[in-house]
Amino acid sequence: MITKKQQHNFLIWKICALAGPVYVVGEALSWAWLGGFLPPPAQNLSADQVLAFYTDNNLRIRSGMMLTLFFAPFYYIWSNAVSKLMQRAEGEGGMLSNIELMGGFATVIVTFASVAAWLSASLHTDQKTASDILTIHDYGWMWFNPTVMVTFFQFIAFGTVFLLDNGESRLMPDWMSWFSYAMAGTLLLALLTPFFNEGPFAWHGLFTYYIGLGGYFLWITVACYYVYKAICHLEAIEKA
Amino acid sequence: MSTYNLPKATPKLPGAPGIWLFVLLDSSIFAVLFLSFTLEKIANPETYATGMSSMDATLGSINTIILLTSSWLMALATQEVKYLSKANTRKIKLLMSAAAALGIVFIFCKVNEYVHVVGTGHTLNSSSFHMYYFVTTGLHMLHVLIGIIALGLVAGIAVKAKSENTQHAVESVATYWHMVDFLWVMIFPLFYLAVPK
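Please read all numbers here as calculations on a predicted model, not as lab measurements.

### Considerations on the interface of chain A and chain B
Link 1 in the chain: Listed per partner, the contact involves 18 residues of chain A and 18 residues of chain B.
Link 2 in the chain: Put simply, chain A and chain B have zero salt bridges between them.
Link 3 in the chain: Here chain A and chain B share two residue pairs in polar contact (both at pLDDT 80 or more) between them.
Link 4 in the chain: Classifying every residue of the side of chain A that touches chain B gives 16 nonpolar, one polar and one charged.

### Concerning the pattern of salt bridges
Residue and element names in this part refer to chain A.
Link 1 in the chain: One pass over the structure, following the stated rule, counts four salt bridges over all chains.
Link 2 in the chain: With a closest N to O distance of 2.8 Å, Lys14 and Glu235 form a salt bridge. Here Glu235 lies in helix 9 (residues 206–239) and Lys14 lies in helix 1 (residues 4–34), a separation of 221 residues in the sequence.
Link 3 in the chain: Of the charged contacts in the structure, one is a salt bridge between Glu238 and Arg88, with a shortest N-O distance of 3.0 Å. Of this pair, Glu238 sits in helix 9 while Arg88 sits in helix 4 (residues 74–90); the two residues are 150 residues apart in sequence, bridging distant segments of the chain.
Link 4 in the chain: Classification of Arg88 by relative accessible area gives partly exposed; the value is 41%.

### Re the packing of aromatic side chains
Residues and elements named next belong to chain A.
Link 1 in the chain: What the rule picks out here adds up to 53 aromatic pairs over all chains.
Link 2 in the chain: Their ring planes at 50 degrees and their centres at 6.0 Å tell us that Tyr75 and Tyr216 sit as a pair that is tilted. Placement of the pair is Tyr75 in helix 4 and Tyr216 in helix 9, with a sequence separation of 141 residues. The same class applies to Tyr75 as to Tyr216, namely buried.

### Regarding the side chain of Gln43(A)
Residues and elements named next belong to chain A.
Link 1 in the chain: Residue position: Gln43 is located in the loop between helix 1 and helix 2 (47–56).
Link 2 in the chain: At 3.0 Å, the side chain of Gln43 forms a polar contact with the backbone oxygen of Thr193.
Link 3 in the chain: Setting aside chain neighbours within four positions, we find Gln43 in contact with Thr193, Phe196, Asn197, Ala202, Trp203 and His204.

### Considering helix 5 (residues 96–122) of chain A
Link 1 in the chain: Taking 1.5 Å of rise per residue, 27 residues should cover 39 Å, and helix 5 of chain A covers 39 Å from first to last C-alpha, within 8% of that figure.
Link 2 in the chain: His124(A) lies just past helix 5 of chain A and shows a positive phi near 50 degrees.

### Notes on the packing of helix 4 of chain A against helix 7 (residues 149–164) of chain A
Residues and elements named next belong to chain A.
Link 1 in the chain: Two elements in contact, helix 4 and helix 7, have axes whose closest approach is 9 Å; the angle formed by their N-to-C orientations is 30 degrees. With respect to each other, helix 4 and helix 7 are oriented roughly parallel. Crossing geometry of helix 4 relative to helix 7 is assigned as left-handed. Seen from helix 4, the contacting residues are Tyr75, Ser79, Val82, Leu85, Met86, Ala89 and Glu90; seen from helix 7, they are Thr151, Gln154, Phe155, Ala157, Phe158, Val161 and Phe162.
Link 2 in the chain: Considered class by class, the residues forming the contact of helix 4 with helix 7 number 10 nonpolar, three polar and one charged.

### Looking at unusual backbone geometry
A negative phi angle is the norm for most residues apart from glycine, just as the trans form is the norm for most peptide bonds.
Link 1 in the chain: That bond from Leu38(A) to Pro39(A) is cis: its omega, -10 degrees, falls within 30 degrees of zero.
Link 2 in the chain: Inspection of the secondary structure puts Pro39(A) in the loop between helix 1 and helix 2.

### Topic: the confidence of the model for chain B
Link 1 in the chain: Averaged over chain B, the pLDDT score is 89; the fraction of residues at 70 or greater is 91%.
Link 2 in the chain: For this predicted complex, the interface score ipTM comes out at 0.84, alongside a pTM of 0.89.

### Topic: the packing of helix 7 of chain A against helix 8 (residues 174–187) of chain A
Residues and elements named next belong to chain A.
Link 1 in the chain: Close contact between helix 7 and helix 8 brings their axes to 8 Å; oriented N to C, the two are set at 160 degrees. On the basis of the axis angle, helix 7 is roughly antiparallel to helix 8. The two elements helix 7 and helix 8 cross, and the hand of that crossing is left-handed. Residue-level contacts link Thr151, Phe152, Phe155, Ile156, Phe158, Gly159, Thr160, Phe162 and Leu163 of helix 7 to Asp174, Met176, Ser177, Trp178, Ser180, Tyr181, Met183, Ala184, Gly185 and Leu187 of helix 8.

Calculation rules
- Within each chain, residues carry numbers counting from 1 in the order of the written sequence.
- Both sets of labels track the order of writing: A upward for chains, 1 upward for ligands.
- Restriction of local features to residues with pLDDT of at least 70 applies here, the model being predicted, together with a cutoff of 80 or more for giving and counting side-chain atom pairs; totals for whole chains, interfaces and linings are based on all residues.
- Heavy atoms throughout the structure, all of them, feed into the side-chain values; hydrogens and water do not.
- It only takes one pair of heavy atoms within 4.5 Å for two residues to be counted as in contact.
- Just to be clear on terms, a salt bridge is a Lys or Arg side-chain nitrogen sitting within 4 Å of an Asp or Glu carboxyl oxygen.
- In protein, a polar contact requires one atom able to donate a hydrogen and another able to accept it; more generally it is a pair of N or O atoms within 3.5 Å, and residues adjacent in sequence count only if both atoms are side-chain atoms.
- By the convention adopted, Pro, Cys, Tyr, Trp, Phe, Met, Ile, Leu, Val and Ala count as nonpolar, Lys, Arg, Asp and Glu as charged, and the other residues, Gly among them, as polar.
- Think of it this way: any DSSP run of H or I at least four residues long counts as a helix, any run of E at least two long counts as a strand, and we number them from the N terminus.
- Buried, partly exposed and exposed residues are distinguished by accessible area as a fraction of the type maximum, computed with a 1.4 Å probe on protein chains only: under 20%, between the cut-offs, and over 50%, respectively.
- By convention, a stacked pair of Phe, Tyr or Trp rings (six-membered ring in the case of Trp) has centres within 6.5 Å and planes under 30 degrees apart, an edge-to-face pair has planes over 60 apart, and any other such pair is tilted.
- One less than the residue count of a helix, multiplied by 1.5 Å, gives the span that helix is expected to have.
- The axes used here are C-alpha line fits, helices contributing only the stretch in contact, and every angle between their N-to-C directions lies in the interval 0 to 180 degrees.
- Here the angle decides the label: under 35 degrees means roughly parallel, over 145 means roughly antiparallel, 65 to 115 means roughly perpendicular, and every other value means oblique.
- What makes a crossing left-handed is the near helix being turned counterclockwise from the far one by less than a right angle; a clockwise turn instead makes it right-handed.
- Summary of the metric used: pLDDT quantifies the predictor's per-residue confidence within the range 0 to 100.

Pasting the structure below:
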């Protein structure tokens, strides 16, 4: 029999789990579409081209980045729901669920730092030189890409917890763990961005942007569905 | 030499079913990498021919033999673990340790090769060929490193336990190790042998 308090807990848990889809849709609309980062400004643009990007799309960038800052915290709210689910699988003393939670928070901080840089680049463009804007713009990308290890460990922790879960009622399908490992691998490609200005490993390249970042959003989208399903499954067990 | 009563063929894939999804996704990323490299090679044959002249095909051949041998040892371990109740766990551990040791030798050779290539003045940004060379072989080496750790863990923990999960674990790590071997078999001709005309 489930108590009223437990019922409330499950309701809040489900709401936290729904923060995942809000994050994915919100970021896609604000950062990629409105902010104009899909496709992103190429890494090999000259200072004058970067200045033109910020002056020609100024209001779009500012609005997009402001909304990105609004939607980013939904990721750690969702990570909290995932972390609690992982805790159920690994038990009270487990460490991997903490890595998931901290990784979720760190990913948001990384997003904040990069978006704050791009937002700064878009302010007072008439009082900055092209070189100033290029520096801030690059700084934003260096926060965005090479810091990917914080999210990498989240994916690894998630995969490992559910792979080692030998409980009677498994919360996640086995393949989801292996999918997490594969997607974690694609994230590593972002570590290469400081070495290339053009080509497939630059921040606008096929591997870093489309496969790496695409893999990140694909993983969250798939995980959102299975995390919500697992919470409903746990609730049904407790009700029975 | 031990003889086996071969089990009846079953439609079951060896190892955890999820490992095959991992193999598919991971190999797909390498496939895109190979395709991208090949298209660049066709577009810039002279640059790539010059870049490939800095490669040591003999060392590449040695590395190929090392990984193929390692994969063969792993296949023997998988064969042994099929009959877990009668299996010689010491033999399985020995075969897996030898496979992992050859992986370490592979990394040693690869690092030597990097030292040689960098010594001749080629780095990540020297040319398009060297960009692909360092990134592709570097990613592959990372896979070898992960494989060595996985082989060590399974040999040390799963085989020792001799539980029903042992066969599953050994087959899964073997599947991964064969994928690493297969990727190298693709890398070797692409980067060391197939010089564009």
